[in-house]
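# Report on the structure
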Amino acid sequence: MKANHEQRRKERLDRGIKVRSDGIYALMSWRELCYLFFPRLVLIVGMLILPLLVPIYWQKVVSYVCIYALLTLSFDFLAHFVGLVSLGGAFFIGTGGYIAAILNTSFGLPPLLTIPVATILGAFICTLLLIPCLPLRGVYFAIVTLMYPLLLTRVIEALAIFGGTDGIVGVTSFTNHYFIIIMLLFFLFGLRRLVNQDLGLVLRAVKDNDQAVRASGISITYYKTIAVFIASAMGCLGGAYLAHIFGWAGLSSFGLDFSILPIAATVIGGAGTLVGPVLGAFILVPLNEWLRDFGTFRILLYALILLAFIIFRSEGIMVYGQRKYHQFEKWVKV
Amino acid sequence: MSAQPILQVQNMTKAFGGILALSRVSFDLHQGEILGIIGPNGSGKTTLVNCITGFINLTAGKVFFRGKNITGKAAHKIADMGITRTFQIMRPYYSLPAYKNLVIPLFSPRAKRTGGWRGGGKLGDRNTVSIDILEEMGFERESYVPYKMASTLPTGYLKRLELARCLSLKPEIILCDEVFSGLSMSEIASMVPLIERLQMDGITLIMIEHRLRELFRVANRVMVMNFGEKLIEGTPEEVMADEKVKEAYFGSEKVEEVTGYA
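These numbers come from a predicted model, not from an experiment.

Here the focus is the overall build of chain A. Helix and strand counts for chain A come out as 13 helices and 6 strands. In terms of overall dimensions, chain A is globule-like: its C-alpha atoms have a radius of gyration of 22 Å, near the 20 Å expected for 334 residues. Looking at the 334 residues of chain A, the share that counts as buried comes to 41%. Across chain A, contacts joining residues at least 24 apart in sequence account for 78% of those joining residues at least 6 apart.

Here's what the structure looks like:
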């Protein structure tokens, strides 16, 4: 509203190019092709050249970022496409990490074998442990996913199994940024595709209205199990890789950071967009590293940034960006 | 009508704490008929549907489908056998377009087993089949209505969407929980032929209704409930003539005025 009390509102118009209609791309010109592929190309090329651009110290951060991005992706997938609010990042990372470490140290498997095995086996174990709370609705899933890492750390501590408080040392070191970047891109685009397939629609329907899904003759527990398997596989992959970066798997693999940061990254990036949360992780994790110089003061800065986002851009960067990209905006008189 | 009832309910009882929502309700449902269930508010009609379809567990009693005991089975297993229901408060997937709403039931094991609607799958993918079913339920194919978000559809279309969801499972029984309520007269007038079509297609229906005039037009038999108990069962005329029904359901009002039935 201006000083002369002229009423105005923002009008939004979709850009003229409607290229996507149910999996068929109807492209009319190079311009439309660019309009469609430019954002994807920026993402893919940007991620692939990232390890070449950053200094040595930050090279390792690229891997951390990707691991956190996988967790964030799994959080966003479960929360906004299946309706399960998961605080299981720590659970998944810990399970994946310990399995990879055990396979590597006790059975002598190379990292190229331990990571895939830990991904599948870890996802299997996580899913199995989470199945009992899947038929329940509400906050139970969040509580149980948060409880398991706490429980497992106590069990490992008390029984002194898997190296006890010292953790498992001497895990073969394996660091390959491209491996985790490509896995991240694979899961990102795979999930984007999945949620629009018929299977993905069923998952979204479970979130929207589980009673109607049951009335359709579909077992909601079965489909929740599938979703949890996919999500925990992502987390376990990250955990297994993390164990090989550190050369160690220990109690801090069950750290609550892995559960909390994905939520913050999802808030910043834009919930329900899948790309947004990845973007959020790419902002928050480096920020975390950068603020390390400030010591514990960084928690305050961190909280302030989050607060600012929740107040001023609660929709998240990606939702905002998508709107700007896909729509014209202009002010019109009412 | 075949000798064996398609659905048998025996002494169905459901207690919510100390409140008896259903008390020893028994009835038979025969192949191909439309059974109307009427009764005042809170007489246990919706609880009956919930109990038959497995959405809530019954306290006592048995339900038989084609002679097979289905008491206490999970809701999705019962739906998988072909006993489907609509919800009184419509439950579409609001974030999906109308036709995508049907992709979910078409993804169910039953729809896959029966090959989708009229052989679906071979007829096209689930989107195509769902548009076909929506057209049968009165969504104009050429219009934009099937493509609209379910959250923007008016009540009449949501009720049709509920029926379409049942229909995409190729059901044997549909339990309609107040499909006419909340609709305008013209919307009801266009719904009645749809119900008649379903019966002609060989689907057995249980209809819970408050709109008696329309119900009595389509129903073969009517069951009256009050305070969780079955009062009487019979043809619409028999039921209307019964004194107990007049008392319980209509109070002091004259039946003729409400229903137009003499």
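Another aspect to go through is the pairing of strand E3 (residues 34-38) of chain B. Residue and element names in this part refer to chain B. Most of E3 sits inside the fold, with 5 of its 5 residues counted as buried. As judged from the 4 bridges shared by E3 and strand E8 (residues 204-208), these two strands associate in the parallel manner. Across the sheet, residue Gly 36 finds its bridge partner in E8, namely Met 207.

Next up on the list: the pairing of strand E10 (residues 229-234) of chain B. Residue and element names in this part refer to chain B. Here 5 bridges tie strand E9 (residues 221-226) to E10, and the two strands are oriented antiparallel to one another. Bridging across to E10, Met 223 finds its partner in Glu 233. Here E9 folds back onto E10, and the loop between the two strands holds 2 residues, one of which, Phe 227, carries a positive phi near 50°.

Residue and element names in this part refer to chain A. Counted at 1.5 Å a residue, the expected span for helix H10 (residues 257-269) with its 13 residues is 18 Å, and the 18 Å between its end C-alpha atoms agrees. Burial runs high along H10: 11 of the 13 residues are buried. Along H10, the residues that are buried comprise Phe 258, Ser 259, Leu 261, Pro 262, Ile 263, Ala 264, Ala 265, Thr 266, Val 267, Ile 268 and Gly 269. Directly beyond the C-terminal end of H10, a positive phi value near 115° is found at Gly 270.

The next point concerns helix H5 (residues 140-159) of chain A. All names here are of chain A. Here H5 spans 27 Å end to end across 20 residues, near enough to the 28 Å set by a 1.5 Å rise per residue. Within H5 the residues assigned to the buried category are Phe 141, Val 144, Thr 145, Tyr 148, Pro 149, Leu 152 and Ile 156. For H5, the secondary structure elements touched by its buried residues are helix H3 (89-107) and helix H4 (111-130). After H5 finishes, the residue Ala 160 shows a positive phi value of roughly 55°.

In this section: the interface of chain B and chain A. Where the parts come together, the accessible area they lose is often given as the size of the interface. Taken residue by residue, the interface counts 23 residues in chain B and 17 residues in chain A. Mapped by element, the contributors of at least two residues to the side of chain B that touches chain A are helix H2 (75-81), strand E6 (83-85), helix H4 (103-106), helix H5 (109-113) and helix H6 (126-136) of chain B. Per element, the largest residue contribution to the side of chain B that touches chain A is 4 residues, and it comes from H2(B). Per-class residue counts for the side of chain B that touches chain A are 11 nonpolar, 5 polar and 7 charged.

The next thing to look at is the nonpolar core. Membership of the largest hydrophobic core comes to 164 residues, with the highest contact counts inside it found for A:Ala69, A:Leu70 and A:Leu73. Element by element, the count of residues in this core is highest for helix H2 (residues 56-82) of chain A, at 15 residues. Counting only domains with at least three residues in this core, you end up with domain 1 (1-82 + 172-262) and domain 2 (91-171) of chain B. In contact with A:Leu70, other than residues within four places in its own chain, are A:Leu184, A:Phe187, A:Met234, A:Gly235, A:Leu237 and A:Gly238.

Geometry of a packed helix pair, given as the angle between the helix axes and the separation of the axes. Residue and element names in this part refer to chain A. It is at 9 Å that the axes of H2 and helix H9 (residues 220-246) come closest, and there the two elements cross at 170°. Classified by the interaxial angle, the pair formed by H2 and H9 is roughly antiparallel. Mapping the contact onto sequence places Ser 63, Ile 67, Leu 70, Leu 71, Leu 73, Ser 74, Phe 77, Leu 78 and Val 82 in H2 and Lys 224, Ala 227, Ala 231, Met 234, Gly 235, Leu 237, Gly 238, Tyr 241, Leu 242 and Ile 245 in H9. In terms of residue class, the contact of H2 with H9 is made up of 14 nonpolar, 4 polar and 1 charged.

All names here are of chain B. Looking at chain B, the domain boundaries give domain 1 (1-82 + 172-262) and domain 2 (91-171). Of the residues lining the interface, 13 residues belong to domain 1; the matching set on domain 2 comes to 11 residues. For the side of domain 1 that touches domain 2, the secondary structure elements donating two or more residues are H2, strand E7 (173-177) and helix H8 (185-200). If one sorts the elements of the side of domain 1 that touches domain 2 by residue count, H8 sits on top with 3 residues. Among the residues forming the side of domain 1 that touches domain 2, the class breakdown is 7 nonpolar, 3 polar and 3 charged.

Consider a sheet: its strands pair through backbone hydrogen bonds, and that pairing is either parallel or antiparallel. All names here are of chain B. If you trace the 6 strands from one edge of the open sheet to the other, you get E6-E7-E8-E3-E9-E10, paired in mixed fashion. The outermost strands of the open sheet, each flanked by one partner alone, are E6 and E10. The sheet shows a mean angle of 20° between the axes of neighbouring strands, direction not considered. Where E3 meets E9, 4 bridges bridge the pair, whose relative direction is parallel.

Bringing the packing of helix H1 (residues 30-53) of chain A against helix H6 (residues 177-194) of chain A into the picture now. All names here are of chain A. Two numbers describe how H1 lies on H6: the axes approach to 9 Å, and their chain directions differ by 165°. As judged from the angle between their axes, H1 and H6 are roughly antiparallel. Once H1 is placed against H6, the crossing between them reads as right-handed. Residues Ile 44, Met 47, Leu 48 and Pro 51 of H1 form the contact with H6, whose participating residues are His 177, Tyr 178, Ile 181 and Leu 185. Among the residues forming the contact of H1 with H6, the class breakdown is 7 nonpolar, 1 polar and no charged.

Another aspect to go through is the environment of A:Gly280. Residues and elements named next belong to chain A. Note that Gly 280 resides in helix H11 (residues 275-290). Residues Gly 280 and Phe 246, 34 residues apart in the sequence, show an inter-C-alpha distance of 24 Å. Beyond its immediate stretch of four places on either side in the chain, Gly 280 contacts Thr 72, Ala 265, Thr 266, Ile 268 and Gly 269.

The rules behind the values
- Residues numbered from 1 in each chain as written.
- Chains lettered and ligands numbered in written order.
- Predicted model: local features only at pLDDT ≥ 70, side-chain atom pairs only at ≥ 80, totals over all residues.
- Helix = DSSP H or I, 4+ residues; strand = E, 2+ residues; numbered from the N terminus.
- Rg over C-alpha atoms; globule rule 2.2 N^0.38 Å.
- Buried ≥ 20, exposed ≤ 12 C-beta atoms within 10 Å, placed from the backbone.
- Contact = placed C-beta atoms within 7 Å.
- Pairing = 2+ DSSP bridges.
- Expected span 1.5 Å × (residues − 1).
- Nonpolar A, V, L, I, M, F, W, Y, C, P; charged D, E, K, R; others polar.
- Core = buried A, V, L, I, M, F, W, Y, C linked by C-beta atoms within 7 Å.
- Domains from an automatic or database assignment.
- Axes fitted to C-alpha atoms, helices over the stretch in contact; angles between N-to-C directions.
- Parallel < 35°, antiparallel > 145°, perpendicular 65-115°, else oblique.
- Left-handed = near helix turned anticlockwise from the far one by under 90°.

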